[in-house]
Amino acid sequence: MSDTIITVENLSKCYIIAHEERERYTSLRDVMTRRVKNAFSFGKSSYKNPSSQEEFWALKDLNFEIKRGDRVGIIGRNGAGKSTLLKILSRITEPTTGRVTIDGRVASLLEVGTGFHPELTGRENIFLNGAILGMSRAEIRVKFDEIVAFAEVEKFLDTPVKRYSSGMYVRLAFAVAAHMEPEILIVDEVLAVGDAQFQKKCLGKMEDVSRNEGRTVLFVSHNMQALLSLCKKGIYLIGGKVETIDEINQTINSYLSQSNTFNSHDDLTSLTTALKSDEDFKLKNILFYQDSQRIFGNVVNGKEIQIEVHYELSNKLNGFRVFLDVCDPIGSIAFRSFHDEETGRHLDMEPGRYVSKVTIPADLLAPISYDFRFLFGIHNIRMTQPEEGISFRINVEQTGKYNEAYNGQYTAGMICPPLKWEVKSIN
Amino acid sequence: MNTNRIIIEPGRTEQNYWRDLWLFRELFYILSWRDIKVRYKQTVIGTAWSIIRPLLTTIIFTIVFSRVAKLGEPSGAPYAIMVFAGMLPWQFFANALSEASNSLIGNANLVSKVYFPRMIIPASSIITSLVDFAISFLLLLAMMVFYQYVPDVKILLLPVFILMALAAAFGVGLYITALNVKYRDFRYIIPFIVQIGLYITPVGFSSSLVPEKWRLWYSLNPMVGVVDGFRWCILDEPMYRPGFFISVFMIVLFLWVGVVYFRKTEKSFADNI
């Protein structure tokens, strides 16, 4: 019996990006005005102005096979093509070239609670969502009690879900999806929602589904720990191409060594082993706090952020320093700061364990995404490993005062400190 | 070897599309049920609205066409009943058309996150109009009691013409909803079609008043055949056969064009929506 359940051959997907249009959609009006315009300017420009359209290959020549019962983690930075791949495998969108052969029923969970209707009750939504995911009513009826128990919403079954807390909503939605019985389960980063305890429960359920029932699972996540604990194999995508396809820990290692970008959900302590080792220096952990709460990826700019870098030095180092680059997502540095900059001289550091703490003041960051990159080095001598540093993606939400003009919208810039202006008539 | 083998390729028209449609029939039931439930849950007026609207229009049309314009009714049935017998299929068609046309955009989150034959969405949205139709139909029965009018047994053939109206709305709706995904301003065409359609369809008057030489052309409007059919069933008006067959032909044509265009563009819905 052939054990290959998914075969992907030369798969590519191309999106056409129109630069001109700012709107998300075309309207017939635009198309007609453009045609009319062009009709009066023979030869000058064709209807498809090449400068305004650009091809973007979200996936390029993917080839791989997945065996029955495999649990495969798909890793890659944002925009590497993970979601596009899942969308093609779930038949939501079609590829531009190539071919995929799938032997079995696919259920995909690309979003939690797809199709939930806020006006309907929990009970009704279970049936609705189940049908959307491809279950029959009979199947749902059999699983109904299990779903309700898993979601812990017994008391609210007949309440419209618009009155649910967001936690209940997510629990119910995941519970429905987790009780499907497809041969292949495709899961996009859906576990980023919900509290830690529930995430654990979901992971446990997924593990259960694949290990005990022999299902094939494809799982996209930025949560390396979840990937490590759930998956056996990994596929690492860069720019729409397969970079590595291997055992999961090998794949994660190659991902971390190439990008060193962590999701702040990850507990660094278990992952720093994947980093290149250094004779003098060992990073232990990096923690973010806001309002004395640990934060994971999302912060507000109206409040201070405290960051703690924990590390160990095995030798006496004169002039060792930790520094932080706050970069925009493209990689330009917004600002850089050293842990010895206030003292104005080198710190001579004895062997031992240390924590370097820094505070990012309130009302400084713009409401965009940043990469917080931590680097370590001995002044004027060398950078310690990991040489490229370690990055965290941090999304900033606007709550502080800032440079808004008129309409309460953030305007522009990599940082937005509130500045004092004075306007005077000088006639 | 495996019956569940799925092959994904660009431009591949799946042979098992219609089988898939059948497999996903549960989804069709449940989406229709959702639309109906939500519609009548949110608005107490929902039910009343499906009575008030045709009733008011019927009263106005009866006054305008019968009293002011002094048009007659060939079968001798009360004018109000004749207007209502035309209003029923027309309202049904208009509602179904607008529901179907906006259905894909309204369910954008489903389209971009889950696979199923997309045709289920416009198809299930039409069912709500069928319920509205049933409610309005009760009103017709009430009017018959009021006017003490006994319809012909041919009224039992009514479902055939309901199906025709359904097919007409579905065909045009499929086409427009698919266009709507790409060109969002297409939805503004619907109120226009509905408004114009009300006047070029024999709702307020009998189609027998249309001059003989134009009648064949007139029947290019598929709803002419449907409305005539309704009046033939309910009022025993004489049926203009050639016109009726032209209307049937037009409905089939629209349906064919709608299905073909929908199938052609279906694969890119998730990218464009």
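Residues numbered from 1 in each chain as written. Chains lettered and ligands numbered in written order. Predicted model: local features only at pLDDT ≥ 70, side-chain atom pairs only at ≥ 80, totals over all residues. Heavy atoms only, no water.

**Student:** An account of the nonpolar core is needed here, citing residue identities and associated values.
**Tutor:** With 160 residues, the main nonpolar core has Ile-6 and Phe-219 of chain A together with Ile-234 of chain B as its most contacted residues. Considering each element in turn, this core owes the most residues, 17 residues, to helix 4 (residues 79–106) of chain B. Core analysis: the second largest hydrophobic core is formed by 31 residues, Ile-295, Val-299, Leu-313 and Val-396 of chain A among them. (Core = buried A, V, L, I, M, F, W, Y, C linked by side-chain atoms within 4.5 Å. Buried < 20%, exposed > 50% of the residue type's maximum accessible area, 1.4 Å probe, protein only. Helix = DSSP H or I, 4+ residues; strand = E, 2+ residues; numbered from the N terminus.)

**Student:** Can you tell me about helix 11 (residues 241–266) of chain B, naming the residues and giving the values?
**Tutor:** The α-helix advances 3.6 residues per turn, and as a result positions three or four apart in sequence lie on the same side. Taking 1.5 Å of rise per residue, 26 residues should cover 38 Å, and helix 11 of chain B covers 37 Å from first to last C-alpha, within 8% of that figure. Among the residues of helix 11 of chain B, Gly-243, Phe-244, Ser-247, Met-250, Ile-251, Gly-258, Val-259, Phe-262, Thr-265 and Glu-266 of chain B are the ones counted as buried. (Expected span 1.5 Å × (residues − 1).)

**Student:** Any chance you could break down the sheet that holds strand 9 (residues 241–247) of chain A for me, citing the residues and the numbers?
**Tutor:** Residue and element names in this part refer to chain A. Across the sheet, six strands lie side by side as 5-6-7-3-8-9; this open sheet has mixed pairing. Lying at the two open borders of the sheet, with one neighbouring strand each, are strand 5 (106–109) and strand 9. Pairs of neighbouring strands in the sheet enclose a mean axial angle of 15°, with direction left out of account. Here strand 8 (residues 233–238) pairs with strand 9 via six bridges, running antiparallel. Each residue of the ladder has a partner; that of Tyr-236, found in strand 9, is Thr-244. Of the strands in this sheet, strand 3 (71–75), strand 5, strand 6 (184–187), strand 7 (216–220) and strand 8 are in contact with helix 2 (residues 82–89), which crosses strand 3 at around 135°. (Pairing = 2+ DSSP bridges. Axes fitted to C-alpha atoms, helices over the stretch in contact; angles between N-to-C directions. Contact = heavy atoms within 4.5 Å.)

**Student:** Can you tell me about a nonpolar patch on the surface, naming the residues and giving the values?
**Tutor:** Where nonpolar side chains cluster on the molecular surface, the patch consists of Trp-49, Ile-52, Leu-55, Leu-56, Ile-59, Ile-60, Ile-63, Val-64 and Val-68 of chain B and spans about 790 Å² of accessible area. Tracing the backbone shows Trp-49 of chain B in helix 3 (residues 45–68). (Patch = residues over 30% accessible without salt bridge, like charges linked within 9 Å, V, L, I, M, F, W, Y side chains within 5 Å. Areas by Shrake-Rupley, 256 points an atom, 1.4 Å probe, with all protein chains shown as cover. Salt bridge = Lys/Arg side-chain N within 4 Å of Asp/Glu carboxyl O.)

**Student:** Residues and numbers for the sheet that holds strand 11 (residues 281–290) of chain A, please.
**Tutor:** The pairing of strands in a sheet happens through backbone hydrogen bonds and is either parallel or antiparallel. All names here are of chain A. The sheet built from four strands is open, its strands ordered 12-11-14-19 with antiparallel pairing. Of all the strands in the sheet, the pair left with one neighbour each is strand 12 (293–294) and strand 19 (352–360). In this structure, strand 11 lies alongside strand 12, joined through two bridges in antiparallel fashion. Its bridge partner being in strand 12, Gln-290 is matched across the sheet by Gln-293.

**Student:** Outline helix 2 of chain A, listing residues and values.
**Tutor:** All names here are of chain A. Burial of helix 2 is extensive: six of the eight residues sit out of reach of the surface. All buried positions along helix 2 are accounted for by Lys-82, Thr-84, Leu-85, Leu-86, Ile-88 and Leu-89. Immediately beyond the C-terminal end of helix 2, within one or two residues, lies Arg-91, with a positive phi of roughly 65°.

**Student:** Residues and numbers for the interface of chain A and chain B, please.
**Tutor:** Interfaces are often sized by the amount of accessible area the parts lose when they come together. Listed per partner, the contact involves 45 residues of chain A and 41 residues of chain B. Buried area between chain A and chain B, both sides added, is near 4100 Å², and the carbon and sulfur share of it is 58%. Between chain A and chain B we count three salt bridges in total. A salt bridge links Asp-271 of chain B to Lys-13 of chain A; the nearest nitrogen and oxygen atoms lie 2.9 Å apart. Where chain A meets chain B, there are six residue pairs in polar contact (both at pLDDT 80 or more). Of all the secondary structure elements, the ones that give two or more residues to the side of chain A that touches chain B are strand 1 (4–18), helix 1 (28–39), helix 2, strand 4 (97–103) and helix 3 (122–132) of chain A. Counting residues per element, the side of chain A that touches chain B draws most heavily on strand 4 of chain A, at seven residues. (Buried area = accessible area lost by both parts, 1.4 Å probe. Polar contact = N/O pair within 3.5 Å; in protein donor to acceptor, adjacent residues only side chain to side chain.)

**Student:** Tell me about the packing of aromatic side chains, residues and numbers included.
**Tutor:** This model, assessed by the stated rule, comprises 30 aromatic pairs over all chains. Ring geometry for Tyr-311 of chain A against Tyr-354 of chain A: centres 5.9 Å apart, planes inclined by 20°, an arrangement best described as stacked. Taken together, the residues span a long stretch of sequence, with Tyr-311 of chain A in strand 14 (residues 305–313) and Tyr-354 of chain A in strand 19 at a distance of 43 residues. With centroids separated by 6.1 Å and ring planes inclined at 85°, the aromatic side chains of Phe-133 of chain B and Phe-230 of chain B adopt a geometry described as edge-to-face. With Phe-133 of chain B in helix 6 (residues 120–147) and Phe-230 of chain B in helix 10 (residues 222–235), this pair connects stretches of sequence that are 97 residues apart. Of the two residues examined, Phe-133 of chain B and Phe-230 of chain B, each falls in the buried class. Three or more aromatic residues joined by ring pairs form one cluster here, namely Phe-281, Tyr-311, Phe-320, Tyr-354 and Phe-376 of chain A. Geometry around Tyr-15 of chain A places Lys-13 of chain A over its ring, the cationic atom sitting 5.1 Å from the centre. The cationic tip of Lys-60 of chain A hangs over the ring face of Trp-57 of chain A; the distance from NZ or CZ to the ring centre is 4.3 Å. (Phe/Tyr/Trp six-rings, centres within 6.5 Å; stacked < 30°, edge-to-face > 60°. Lys NZ or Arg CZ within 6 Å of the ring centre and 35° of its normal.)

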